[in-house]
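Here are the chains, one letter per residue:
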Amino acid sequence: MESFKTLTTKEKALSLNLDDKIYGTIAEIGGGQEVADYFFKAGAASGTIAKTMSAYDMTFSDAIYGKSVRYVCEDKLMKMLDREYSLLAQRLTNRAKRSHFFAFANTVETLNFKRTNQGHGWIGLRFQKHPNSDPNDCVIHVILKDNDPLWQQQVLGMVGVNLLHACYNFTEPEEILNSLTDNIHRSRLEIDMFRIEGPDFHHVDNRLMSLKLVKNGLTHAAMFGPKGNVLQPSAALYKKNIFVLRGRFRPVTHVNVDMMITGMRAFRKESDVEIQNITPIVELTLNDLTLEGEVDETDFLDRVDLLCSLGQNVLISNYQEHYKLASYLSQFTRHRKLGIVLGYYNLVRIFDESYYENLNGGILESFSRLFGSNVKLFIYPTYKTNSEQIQTSKTFEPEPHLKNLFNYLLDNDKIQDIDGAKTENLHIISDDVLEMIQRGEVGWEEFVPNKVAEAIKNNHLFSYPYEVPLDNDD
């Protein structure tokens, strides 16, 4: 079987043009008509394209597709797909029995003349895999990283052709996802949202696809909501006060829940935080999802099922260091506040200079990224190892040469202890609870919220229930 990954963008466009079953519309807003251009230049475009258009003016766009809150957004893209696909069904009834219809759309912002904006766009495809069948949708969000608008337009055209070609030639969603960057250097773009759904992809869990975006190096972070709906981070977090709980959540315990509740309570009391404009998220790093060198997808879904059952937004990232996560999230807050809740030992780790040997500016460079954009750390109390002595920022003793730096952060309200924590639960360690579940020990339920215990039992998470092996003598 021929490997489609070896095809150039022009060859992909030509192969689609020569397939007399595939037929549809290409509608593009913002960048130009880069995707359509590839199909026309490849030759035989009349075999594939029923119509191309570019409602470039906002007034024309609104008149054709309806108004949206923002010009470049998912809502606008979906309105474009709805209209263009419905027109195909209405006007091409004579082809319905033999054609696989599609409507391709994008709404994009490329670099402006003064280079003061971030190039990005929404790209979507509504497509049939069989004649007269219900269509599927594949929607992505791309961040364009080239420093020239013409280069960004070139990438946009290539991604569009890749999307069309992949959706018609692959059946596995991960193959579709990975082929989106064919013939494009990964440094030129980022894909931070991917969703595929429809009758031919009913088996796909798009939360898993969010994980694969990060795992396969297509983005640094991906996000989904409590109902498992994938979210595009910059849209979901734009101008929000963000509150983050980082953890492994294997499983979620009373301590995790109390960290979120008490940390959020402290965050809401901040004078510069609008209570009605807070988005809480829990964050899992790729490193914490890696078991024995591999990402265990079943284990990942077990954890996010629990988090979603508690109504949490989930962020997956490859930002192991706190300063990288803070720097990433700060770009969305826009003069709002970012709060991060940490256990005591994470505070110790932040002041460990060995973590910053790869930075030219060492710990000072990391702190400028961590605390530079209205970020505050909320420290949750922790038992001292092998002791019931409670440790907080007040008991923390940094290295002598870092004491003044630590005091500076305290004096400027960048670090604060959390009051009112349920210290009676501090003995709960998630690894110990997991071992109890997997060994079939009784009593683990008392260490986790009722909803979590029910989810573990009902959905057989973390290898529950433990099955006693049969005795060889039986």
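The rules behind these values
Residues numbered from 1 in each chain as written. Predicted model: local features only at pLDDT ≥ 70, side-chain atom pairs only at ≥ 80, totals over all residues. Heavy atoms only, no water. Phe/Tyr/Trp six-rings, centres within 6.5 Å; stacked < 30°, edge-to-face > 60°. Helix = DSSP H or I, 4+ residues; strand = E, 2+ residues; numbered from the N terminus. Buried < 20%, exposed > 50% of the residue type's maximum accessible area, 1.4 Å probe, protein only. Salt bridge = Lys/Arg side-chain N within 4 Å of Asp/Glu carboxyl O. Pairing = 2+ DSSP bridges. Axes fitted to C-alpha atoms, helices over the stretch in contact; angles between N-to-C directions. Contact = heavy atoms within 4.5 Å. Core = buried A, V, L, I, M, F, W, Y, C linked by side-chain atoms within 4.5 Å. Expected span 1.5 Å × (residues − 1). Polar contact = N/O pair within 3.5 Å; in protein donor to acceptor, adjacent residues only side chain to side chain. Parallel < 35°, antiparallel > 145°, perpendicular 65-115°, else oblique. Left-handed = near helix turned anticlockwise from the far one by under 90°.

Draft legend 1. Structural view of the packing of aromatic side chains. Within the structure shown, the criterion is met by 17 aromatic pairs. Each ring, one from phenylalanine 224 and one from phenylalanine 300, has its centre 6.5 Å from the other, and the planes form 90 degrees; the classification is edge-to-face. With phenylalanine 224 in strand β7 (residues 221-224) and phenylalanine 300 in helix α10 (residues 297-309), the pair connects residues that are 76 residues apart, well separated along the chain. Each of the two residues, phenylalanine 224 as well as phenylalanine 300, counts as buried. A centroid spacing of 5.3 Å and a plane angle of 40 degrees characterise the contact between tyrosine 319 and tyrosine 328, whose relative ring orientation is tilted. A single burial state applies to tyrosine 319 and to tyrosine 328, both of which are buried.

Draft legend 2. Broad picture of the pattern of salt bridges. Under the counting rule described, the total for this entry stands at 34 salt bridges. Salt-bridge contacts for lysine 212 lead to glutamate 174; the nearest nitrogen and oxygen are separated by 2.9 Å. One end of the pair, lysine 212, is in helix α7 (residues 206-215); the other, glutamate 174, is in helix α6 (residues 173-179), and 38 residues separate them in sequence. Given a relative accessible area of 6%, lysine 212 falls into the buried group.

Draft legend 3. Seen up close, the pairing of strand β14 (residues 338-343). Taken across its six residues, β14 has six buried, putting it largely inside the fold. The alternating pattern of β14 places Leu338, Ile340 and Leu342 and Gly339, Val341 and Gly343 on opposite faces, both of which are buried. Direction of pairing for strand β9 (residues 241-246) relative to β14: parallel, over a ladder of four bridges. Residue pairing across strands places phenylalanine 243 opposite glycine 339, the latter belonging to β14. Here six bridges tie β14 to strand β15 (residues 375-380), and the two strands are oriented parallel to one another. Looking at the pairing, glycine 339 lines up with lysine 376 of β15.

Draft legend 4. Representation of the sheet that holds strand β5 (residues 136-144). In space, the six strands of this open sheet follow the order β2-β1-β3-β4-β5-β6, with mixed pairing throughout. Because the sheet does not close on itself, it has two edges, and the strands there are β2 (49-53) and β6 (189-197). The sheet shows a mean angle of 10 degrees between the axes of neighbouring strands, direction not considered. As paired elements, strand β3 (residues 100-109) and strand β4 (residues 119-127) share eight bridges and run antiparallel to each other. Across the sheet, the residue bridging to phenylalanine 102 is phenylalanine 127, located in β4. Across the sheet, helix α4 (residues 74-91) touches β1 (22-29), β2, β3, β4, β5 and β6, and the angle it forms with β3 is around 150 degrees. Running at roughly 25 degrees to β4, helix α5 (residues 149-169) makes contact with β1, β3, β4, β5 and β6 of the sheet.

Draft legend 5. Seen up close, the environment of leucine 434. Here leucine 434 shows up in helix α15 (residues 430-439). Note: C-alpha distance between leucine 434 and serine 463 (29 residues apart in sequence) is 9.7 Å. Setting aside anything within four residues of it in sequence, one finds leucine 434 in contact with Arg250, Pro251 and Phe462.

Draft legend 6. Structural detail: the nonpolar core. Formed by 117 residues in total, the largest nonpolar core has its most connected members in Phe39, Phe102, Phe104, Phe194 and Phe300. Tallying contributions element by element places α5 first for this core, with 10 residues. Within the second largest apolar cluster, 36 residues are counted, among which are Tyr328, Leu329, Phe351 and Leu409.

Draft legend 7. α5, seen in detail. For α5, spanning 21 residues, the distance from its first C-alpha to its last is 30 Å, which sits close to the expected 30 Å at 1.5 Å a residue. α5 sits mainly inside the fold: 17 of its 21 residues count as buried. A distance of 2.8 Å separates the backbone nitrogen of leucine 150 from a side-chain oxygen at the start of α5, and that oxygen is part of aspartate 148.

Draft legend 8. Structural view of α4. Compared with an ideal rise of 1.5 Å per residue, which puts 18 residues at 26 Å, α4 spans 26 Å between its outermost C-alpha atoms and is within 8% of the ideal. Residues Lys76, Leu77, Met78, Met80, Leu81, Glu84, Tyr85, Leu87 and Leu88 constitute the buried set of α4.

Draft legend 9. Here's a closer look at the packing of helix α1 (residues 9-17) against α5. Close contact between α1 and α5 brings their axes to 9 Å; oriented N to C, the two are set at 45 degrees. If you check the angle between α1 and α5, you find them oblique. Our pair here, α1 against α5, has a crossing hand that is left-handed. Listed contacts from α5 to Thr9, Lys12, Ala13, Ser15 and Leu16 of α1 are Met158, Val161, Asn162, Leu164, His165 and Tyr168.

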